[in-house]
Amino acid sequence: MLQPNDYPVSVQFDLSKLVFSPVLEKVERRVSDMAKHFHDKDAAQTLVTQGDKLLYEVLYHSFETSKSDMVMCLTRIFSGTVGDEYHMTKGHIHARDDQAEIYFCLQGEGYLLLQTLDGEFRAERWTAGTLSHIPPMWAHRTVNTGTNDLVFVSVFNLSAGYDYGVVEAKGFKKLVVEHDGQPTLTDNPRWNP
Ligand code: PAN
Ligand code: ZN
(Lines give C-alpha, C1' and ligand atoms only; values in the text may rest on other atoms or scores of the structure.)
(Ligands and ions follow the chains in the order given, each with its own letter.)
Protein backbone atom coordinates (compact mmCIF):
# COMPACT_ATOMS: atom_id res chain seq x y z
CA MET A 1 0.00 0.00 0.00
CA LEU A 2 1.56 3.30 -1.13
CA GLN A 3 2.02 5.99 1.48
CA PRO A 4 1.55 9.68 0.54
CA ASN A 5 5.33 10.20 0.20
CA ASP A 6 5.75 7.15 -2.08
CA TYR A 7 4.53 9.05 -5.17
CA PRO A 8 6.88 10.62 -7.78
CA VAL A 9 8.14 14.13 -7.09
CA SER A 10 9.82 16.61 -9.44
CA VAL A 11 11.65 19.82 -8.73
CA GLN A 12 12.18 22.49 -11.34
CA PHE A 13 15.56 24.08 -12.06
CA ASP A 14 15.85 27.59 -13.44
CA LEU A 15 18.88 27.01 -15.66
CA SER A 16 19.64 30.70 -16.12
CA LYS A 17 19.60 31.57 -12.40
CA LEU A 18 20.87 28.13 -11.30
CA VAL A 19 18.36 27.68 -8.51
CA PHE A 20 15.56 25.14 -8.09
CA SER A 21 12.14 25.16 -6.51
CA PRO A 22 10.94 24.23 -3.98
CA VAL A 23 13.91 24.56 -1.62
CA LEU A 24 13.10 22.67 1.59
CA GLU A 25 16.15 23.78 3.60
CA LYS A 26 19.07 26.16 3.20
CA VAL A 27 22.43 26.23 4.99
CA GLU A 28 24.93 29.10 4.83
CA ARG A 29 28.59 28.92 5.79
CA ARG A 30 30.67 31.99 6.62
CA VAL A 31 34.37 32.44 7.38
CA SER A 32 33.67 32.04 11.12
CA ASP A 33 32.19 28.56 10.46
CA MET A 34 35.41 27.59 8.66
CA ALA A 35 38.02 29.01 11.05
CA LYS A 36 39.72 25.62 11.50
CA HIS A 37 39.90 24.93 7.77
CA PHE A 38 41.87 27.81 6.23
CA HIS A 39 45.63 27.67 6.74
CA ASP A 40 46.01 31.47 7.18
CA LYS A 41 44.31 31.88 10.57
CA ASP A 42 45.15 35.62 10.78
CA ALA A 43 43.51 36.32 7.40
CA ALA A 44 40.43 34.34 8.47
CA GLN A 45 40.18 36.20 11.78
CA THR A 46 40.49 39.59 10.05
CA LEU A 47 37.70 38.64 7.62
CA VAL A 48 35.47 37.58 10.52
CA THR A 49 35.83 41.03 12.09
CA GLN A 50 35.26 42.70 8.70
CA GLY A 51 31.72 41.37 8.18
CA ASP A 52 32.28 37.62 8.21
CA LYS A 53 31.68 37.09 4.48
CA LEU A 54 29.46 34.32 3.16
CA LEU A 55 31.56 31.61 1.50
CA TYR A 56 28.91 29.19 0.28
CA GLU A 57 25.28 28.14 0.55
CA VAL A 58 23.61 24.77 0.19
CA LEU A 59 19.97 24.33 -0.88
CA TYR A 60 18.31 20.99 -0.07
CA HIS A 61 15.47 18.91 -1.38
CA SER A 62 15.00 15.45 0.12
CA PHE A 63 12.96 12.67 -1.51
CA GLU A 64 12.13 10.38 1.40
CA THR A 65 9.74 7.52 0.78
CA SER A 66 8.76 4.62 3.00
CA LYS A 67 11.70 2.64 1.52
CA SER A 68 14.32 5.20 0.40
CA ASP A 69 16.01 8.43 1.45
CA MET A 70 17.60 10.19 -1.52
CA VAL A 71 18.45 13.86 -1.25
CA MET A 72 19.55 16.44 -3.83
CA CYS A 73 21.54 19.55 -2.90
CA LEU A 74 22.71 22.54 -4.86
CA THR A 75 25.90 24.13 -3.53
CA ARG A 76 26.97 27.63 -4.59
CA ILE A 77 30.52 28.61 -3.60
CA PHE A 78 31.12 32.33 -4.08
CA SER A 79 34.35 33.46 -5.73
CA GLY A 80 37.27 34.69 -3.62
CA THR A 81 40.05 33.76 -1.23
CA VAL A 82 40.83 33.70 2.48
CA GLY A 83 44.46 34.79 2.51
CA ASP A 84 45.77 32.99 -0.59
CA GLU A 85 43.44 29.99 -0.24
CA TYR A 86 40.40 29.77 -2.50
CA HIS A 87 36.90 29.56 -1.06
CA MET A 88 35.97 25.94 -0.45
CA THR A 89 33.51 23.70 1.37
CA LYS A 90 34.32 22.28 4.79
CA GLY A 91 34.60 18.78 3.43
CA HIS A 92 33.49 15.55 5.04
CA ILE A 93 33.43 11.79 4.71
CA HIS A 94 30.19 9.85 4.96
CA ALA A 95 29.63 8.04 8.23
CA ARG A 96 28.52 4.84 6.49
CA ASP A 97 31.20 2.97 4.56
CA ASP A 98 28.93 1.81 1.71
CA GLN A 99 27.63 5.14 0.44
CA ALA A 100 28.62 6.80 -2.83
CA GLU A 101 27.63 10.22 -4.13
CA ILE A 102 27.28 11.97 -7.50
CA TYR A 103 28.42 15.58 -8.02
CA PHE A 104 27.55 17.48 -11.21
CA CYS A 105 29.16 20.86 -11.89
CA LEU A 106 26.70 23.30 -13.50
CA GLN A 107 28.84 26.44 -13.57
CA GLY A 108 32.29 27.73 -12.75
CA GLU A 109 35.68 26.12 -12.33
CA GLY A 110 37.65 24.56 -9.56
CA TYR A 111 38.61 21.27 -8.00
CA LEU A 112 36.97 18.36 -6.28
CA LEU A 113 39.49 17.12 -3.69
CA LEU A 114 39.15 13.50 -2.58
CA GLN A 115 41.02 11.53 0.01
CA THR A 116 40.81 8.15 1.74
CA LEU A 117 41.50 7.47 5.41
CA ASP A 118 44.80 5.84 4.30
CA GLY A 119 45.90 9.09 2.65
CA GLU A 120 45.24 8.31 -1.04
CA PHE A 121 44.59 11.71 -2.63
CA ARG A 122 42.98 12.86 -5.89
CA ALA A 123 42.18 16.31 -7.29
CA GLU A 124 39.57 16.30 -10.05
CA ARG A 125 39.68 19.43 -12.21
CA TRP A 126 36.19 20.84 -12.64
CA THR A 127 34.53 22.95 -15.31
CA ALA A 128 30.85 23.34 -16.13
CA GLY A 129 29.57 19.93 -17.19
CA THR A 130 31.94 17.75 -15.16
CA LEU A 131 30.17 14.90 -13.37
CA SER A 132 32.13 13.07 -10.67
CA HIS A 133 31.37 9.86 -8.83
CA ILE A 134 32.58 9.90 -5.22
CA PRO A 135 33.10 6.29 -4.16
CA PRO A 136 32.40 5.18 -0.58
CA MET A 137 34.99 6.16 2.03
CA TRP A 138 36.54 9.03 0.09
CA ALA A 139 36.35 12.35 1.94
CA HIS A 140 35.38 15.19 -0.41
CA ARG A 141 35.73 18.96 -0.61
CA THR A 142 35.07 21.39 -3.49
CA VAL A 143 37.12 24.51 -4.22
CA ASN A 144 36.14 27.50 -6.37
CA THR A 145 39.22 28.75 -8.28
CA GLY A 146 37.26 30.88 -10.77
CA THR A 147 35.93 34.42 -10.90
CA ASN A 148 32.30 33.25 -11.05
CA ASP A 149 30.22 31.27 -8.54
CA LEU A 150 31.00 27.54 -8.59
CA VAL A 151 27.62 25.77 -8.64
CA PHE A 152 27.09 22.02 -8.42
CA VAL A 153 24.39 19.49 -7.68
CA SER A 154 24.96 16.53 -5.37
CA VAL A 155 22.80 13.43 -5.01
CA PHE A 156 23.16 10.92 -2.18
CA ASN A 157 21.27 9.04 0.54
CA LEU A 158 20.48 10.86 3.78
CA SER A 159 21.33 7.74 5.80
CA ALA A 160 24.95 8.05 4.55
CA GLY A 161 25.49 10.47 7.46
CA TYR A 162 28.27 13.05 7.79
CA ASP A 163 31.63 12.93 9.54
CA TYR A 164 33.31 16.35 9.48
CA GLY A 165 35.89 15.53 12.15
CA VAL A 166 38.21 13.59 9.90
CA VAL A 167 38.73 16.61 7.60
CA GLU A 168 38.75 19.10 10.47
CA ALA A 169 41.66 17.24 12.11
CA LYS A 170 44.27 17.64 9.33
CA GLY A 171 42.51 18.83 6.19
CA PHE A 172 43.36 17.42 2.77
CA LYS A 173 46.93 16.64 1.68
CA LYS A 174 46.95 19.61 -0.71
CA LEU A 175 45.83 23.21 -0.32
CA VAL A 176 44.48 25.05 -3.35
CA VAL A 177 46.06 28.51 -3.30
CA GLU A 178 46.46 31.45 -5.66
CA HIS A 179 50.10 31.71 -6.72
CA ASP A 180 51.13 34.34 -9.30
CA GLY A 181 47.42 34.67 -10.14
CA GLN A 182 47.09 30.94 -10.89
CA PRO A 183 45.38 28.16 -8.91
CA THR A 184 48.13 25.96 -7.50
CA LEU A 185 48.08 22.81 -5.39
CA THR A 186 50.64 22.96 -2.58
CA ASP A 187 51.46 20.57 0.25
CA ASN A 188 49.37 21.08 3.37
CA PRO A 189 51.88 21.62 6.22
CA ARG A 190 49.48 19.92 8.64
CA TRP A 191 50.21 16.68 6.75
CA ASN A 192 54.01 17.08 6.65
CA PRO A 193 54.95 19.20 9.66
C1 PAN B 1 27.30 18.01 -0.42
C2 PAN B 1 27.95 18.92 0.63
C3 PAN B 1 27.86 20.42 0.31
C4 PAN B 1 28.54 21.29 1.37
O5 PAN B 1 25.93 18.21 -0.51
O6 PAN B 1 27.35 18.66 1.89
O7 PAN B 1 28.49 20.67 -0.92
O8 PAN B 1 29.78 20.78 1.77
P9 PAN B 1 30.06 20.44 3.31
O10 PAN B 1 28.95 19.52 3.75
O11 PAN B 1 31.39 19.75 3.31
O12 PAN B 1 30.04 21.73 4.07
C13 PAN B 1 27.65 16.58 -0.02
O14 PAN B 1 28.75 16.14 -0.21
N15 PAN B 1 26.72 15.88 0.62
O16 PAN B 1 26.98 14.61 1.03
ZN1 ZN C 1 29.05 14.15 0.73
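Source: prediction; values computed, not measured. (Residues numbered from 1 in each chain as written. Chains lettered and ligands numbered in written order. Predicted model: local features only at pLDDT ≥ 70, side-chain atom pairs only at ≥ 80, totals over all residues. Heavy atoms only, no water.)

Draft legend 1. Focus on the site of ligand 1. In the vicinity of ligand 1 lie 18 residues, with Tyr-56, Thr-75, Gly-91, Tyr-103 and Tyr-164 positioned nearest. A distance of 3.2 Å separates an oxygen atom of ligand 1 from a polar side-chain atom of His-140. With respect to ligand 1, the side chain of Tyr-164 contributes an N or O atom lying 2.5 Å from an oxygen atom. Coverage of ligand 1 by the protein chains reaches 99% of its 390 Å² of free accessible surface. Among the secondary structure elements, those contributing two or more residues to the shell around ligand 1 are strand 4 (54-64), strand 5 (69-77), strand 9 (101-107) and strand 14 (150-157). Along the lines of polarity and charge, the residues of the shell around ligand 1 split into eight nonpolar, seven polar and three charged. (Near = heavy atom within 4 Å. Polar contact = N/O pair within 3.5 Å; in protein donor to acceptor, adjacent residues only side chain to side chain. Areas by Shrake-Rupley, 256 points an atom, 1.4 Å probe, with all protein chains shown as cover. Helix = DSSP H or I, 4+ residues; strand = E, 2+ residues; numbered from the N terminus. Nonpolar A, V, L, I, M, F, W, Y, C, P; charged D, E, K, R; others polar.)

Draft legend 2. Main features of helix 1 (residues 41-49). Buried within helix 1 are the following residues: Ala-43, Ala-44 and Leu-47. When helix 1 is viewed along its axis, its buried side chains cluster within an angular range of 100° and face the same direction. Facing away from the buried surface of helix 1 by more than 90 degrees, the exposed residues are Asp-42 and Thr-49. Next to the buried residues of helix 1 lie strand 6 (81-82). (Buried < 20%, exposed > 50% of the residue type's maximum accessible area, 1.4 Å probe, protein only. Arc of directions from axis to C-beta. Contact = heavy atoms within 4.5 Å.)

Draft legend 3. Just the coordination of the zinc ion (ligand 2), in detail. Here the zinc ion (ligand 2) is held by the protein donor atoms His-92 (NE2), His-94 (NE2), Glu-101 (OE) and His-140 (NE2), which lie 2.1 to 2.3 Å from it. Expressed as a motif, the donor residue spacing for the zinc ion (ligand 2) is H-x1-H-x6-E-x38-H. (Donors = N, O, S within 2.8 Å, 3.2 Å for Na, K, Ca; no water.)

Draft legend 4. Seen up close, the side chain of Glu-85. With respect to the helices, strands and loops of the structure, Glu-85 is situated in strand 7 (residues 85-86). It turns out Glu-85 is buried and unbridged, and the closest side chain with the opposite charge, Arg-141, is 5.2 Å from it. Ignoring sequence-local partners within four residues, the contact set of Glu-85 consists of His-37, Phe-38, His-39, Gly-80, Leu-175, Val-176 and Val-177. (Lys, Arg positive; Asp, Glu negative; His and termini not counted. Salt bridge = Lys/Arg side-chain N within 4 Å of Asp/Glu carboxyl O.)

Draft legend 5. Spotlight on the nonpolar core. Ranked by size, the top nonpolar core spans 34 residues in total, and within it Leu-55, Leu-113 and Trp-126 carry the most contacts. Those elements that place two or more of their residues in this core are helix 1, strand 4, strand 5, strand 9, strand 10 (109-115), strand 11 (121-127), strand 13 (139-144) and strand 14. The residues touching Leu-55, leaving out its near neighbours within four places in the chain, are Arg-29, Arg-30, Val-31, Met-34, Phe-38, Arg-76, Ile-77, Phe-78, Val-82 and His-87. Of all hydrophobic cores here, the second largest spans eight residues; its members include Val-11, Leu-59, Met-72 and Val-153. (Core = buried A, V, L, I, M, F, W, Y, C linked by side-chain atoms within 4.5 Å.)

Draft legend 6. Up close: the packing of aromatic side chains. One pass over the full model with this rule turns up six aromatic pairs. An angle of 70° between the planes, with centres 5.3 Å apart, marks the rings of Trp-126 and Phe-152 as edge-to-face. You can see Trp-126 sitting in strand 11 and its partner Phe-152 sitting in strand 14, a full 26 residues away along the chain. On the accessibility criterion, Phe-152 (2% relative accessible area) is buried. Plain terms: the ring middles of Tyr-162 and Tyr-164 are 5.6 Å apart, the flat faces sit at 15° to each other, and that makes the pair stacked. (Phe/Tyr/Trp six-rings, centres within 6.5 Å; stacked < 30°, edge-to-face > 60°.)

Interpretation note: all reported values are geometric properties and have no functional meaning in isolation.
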